[in-house]
Amino acid sequence: MTTAPIRTGIIGFGLAGRVFHAPFLATNPDFRLEVVATSSPERAADATSQHPGVEIVESPDALLARAADLDLVVLASPAHTHLEQGLAALEAGCAVVIDKPFVPTVSDAEQLIAAAERASRPLMVFQNRRWDGDFLTVRRLISSGALGRVHRFESTFERWGGPVRDRWQETTTIAQGAGITYDLGSHLVDQALQLFGPATLEQAELSVVREGSVSDDDAFLSLRHESGVRSHLTVSRAAAQSGPRFRVLGTEAAYTVYGLDGQEPALKEQRWPDSGGYGVTPEAEWGLLGVDGPGGSLAPVPTERGDYPAFYEGVAASILHGAPPPVDPRDALEVVLILERAHELSPVG
């Protein structure tokens, strides 16, 4: 059995590796970040500054060549590399965390899941927005019955991306897992399935809006859950103004909240989970619960504390004690199935 600290390597130290993975490894005593793979001198400098003692290697292959000396490999790399890198890490005997998008195709997902089962090693997909404060609040309101029976779930994750930039999400192709539907859509589909169960994709509208983009940067998906709920999911890199993050309509009341969970901007500013106030949403940003219009009333609802550290707590429990993974890869497979189907219904390019 693996013992703490879990010897960990990260492939990639861009936004994902630097902001969404390394801080949780650094602040959880069950882990020791030993090696980071990046070819960028600037990112290498960031890694050694933020994580003294970490070793830098210049390529994924260099890190994977040492995987037998590690317990966990984190893939904070482009989606089209996840299959090859994940298979190599599993074959070396490592547990694997894969950032979303998991992989571009259902076939790739099935290969990785089968490899993890053969190796008897945990395979976990980083669907961190299951621990957004606003999402945890929606889950609490639904389970408490405060909304009655939910019939429509609207989830919007829009950003103003400006001109196309030189980064893999915007320069690689849809076939390689790029585009807004694979990127932010992975979060929204996963959240909807977690709340309301299995679903069928009934409608998809994928578009290229910005000049020079080689993949979709604006999309709408409509899901019909077996539970009867309809989920309307909107994602964009071309939204100069954004709609509500969540609008949840029930037979007794509705809940609406604007803005995005504050954990990402805090992490970008190096306000890590061990800093005061991490994950707390100011009262001015709380959502409203109730019935609008004559005879109704609306009241602010405290937002649950955001808890991204819970993912890596679950990773540690899975590796050290055999607990179920914090995100089952078969859940992520269901997300990929829907995203792949969306591109079939609404081909781009």
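Further up the page is the structure itself.
The notes below deal with the structure included here. (Residues numbered from 1 in each chain as written. Predicted model: local features only at pLDDT ≥ 70, side-chain atom pairs only at ≥ 80, totals over all residues. Heavy atoms only, no water.)

1. Brief notes about the overall build of the chain
Regarding its fold elements, the chain presents eleven helices and 14 strands. Against the globule reference of 20 Å for 349 residues, the chain gives a C-alpha radius of gyration of 20 Å, in line with a compact fold. Oriented by its inertia axes, the alpha-carbon framework of the chain measures out at about 65 × 45 × 40 Å. By residue count, 54% of the 349 residues in the chain fall in the buried class. Taking contacts inside the chain between residues at least 6 apart in sequence as the whole, the part at least 24 apart equals 73%. For the chain, the accessible area works out to roughly 14800 Å², and carbon and sulfur atoms hold 49% of it. For the chain, the separation between the mean place of its 28 positive charges and that of its 46 negative charges on side chains is 3 Å. (Helix = DSSP H or I, 4+ residues; strand = E, 2+ residues; numbered from the N terminus. Rg over C-alpha atoms; globule rule 2.2 N^0.38 Å. Buried < 20%, exposed > 50% of the residue type's maximum accessible area, 1.4 Å probe, protein only. Contact = heavy atoms within 4.5 Å. Areas by Shrake-Rupley, 256 points an atom, 1.4 Å probe, with all protein chains shown as cover. Lys, Arg positive; Asp, Glu negative; His and termini not counted. Charge placed at Lys NZ, Arg CZ, Asp CG, Glu CD.)

2. Quick look at the sheet that holds strand S12 (residues 254–257)
Strands sit in the order S8-S9-S10-S7-S11-S12-S13-S14 across an open sheet of eight strands; the sheet is mixed. In the strand order of this sheet, the two ends are held by strand S8 (199–207) and strand S14 (298–301), each with one partner. Each strand axis lies, on average, 15° off the axis of its neighbour in the sheet, ignoring direction. Bridging between strand S7 (residues 150–158) and strand S11 (residues 246–250) involves five bridges; their strand directions are antiparallel. Considered in S11, the bridge of Phe153 is made with Val248. Lying over the sheet, helix H8 (residues 180–196) contacts S7, S8, strand S9 (218–225), strand S10 (230–236) and S11, oriented at roughly 155° with respect to S10. (Pairing = 2+ DSSP bridges. Axes fitted to C-alpha atoms, helices over the stretch in contact; angles between N-to-C directions.)

3. What about the pairing of strand S1 (residues 6–11)?
The buried count for S1 comes to five of six residues, which makes it a mostly enclosed element. Pairing between S1 and strand S2 (residues 31–37): six bridges, direction parallel. Note on S2: the bridge partner recorded for Arg7 is Arg32. Judged from the four bridges that link them, S1 and strand S4 (residues 72–75) form a sheet pairing that is parallel. Note that in S4 the partner of Thr8 across the bridge is Leu72.

4. Details of the packing of H8 against helix H11 (residues 329–345)
Orientation of H8 relative to H11, taken along the N-to-C sense of each, is 125°, at an axis distance of 9 Å. With respect to H11, the axis of H8 lies oblique. Crossing angle aside, the handedness with which H8 passes H11 is right-handed. Counted together, Thr181, Tyr182, Gly185, Ser186, Val189, Asp190, Leu193 and Gln194 of H8 and Asp331, Glu334, Val335, Ile338, Leu339, Glu340, Ala342 and His343 of H11 form the full contact between these two elements. For the contact of H8 with H11, the residue count by class is seven nonpolar, five polar and four charged. (Parallel < 35°, antiparallel > 145°, perpendicular 65-115°, else oblique. Left-handed = near helix turned anticlockwise from the far one by under 90°. Nonpolar A, V, L, I, M, F, W, Y, C, P; charged D, E, K, R; others polar.)

5. A few points about the pattern of salt bridges
A complete count under the given rule lists 19 salt bridges for this structure. Two residues, Glu55 and Arg66, come together in a salt bridge whose shortest N-O distance is 2.5 Å. With Glu55 in strand S3 (residues 55–57) and Arg66 in the loop between helix H3 (60–64) and S4, the pair connects residues that are eleven residues apart, well separated along the chain. With relative accessibility at 37%, the residue Glu55 sits in the partly exposed group. Classification of Arg66 by relative accessible area gives partly exposed; the value is 26%. Of the charged contacts in the structure, one is a salt bridge between Glu202 and Arg230, with a shortest N-O distance of 2.5 Å. Placement of Glu202 in strand S8 and of Arg230 in strand S10 is noted, with a sequence separation of 28 residues between them. (Salt bridge = Lys/Arg side-chain N within 4 Å of Asp/Glu carboxyl O.)

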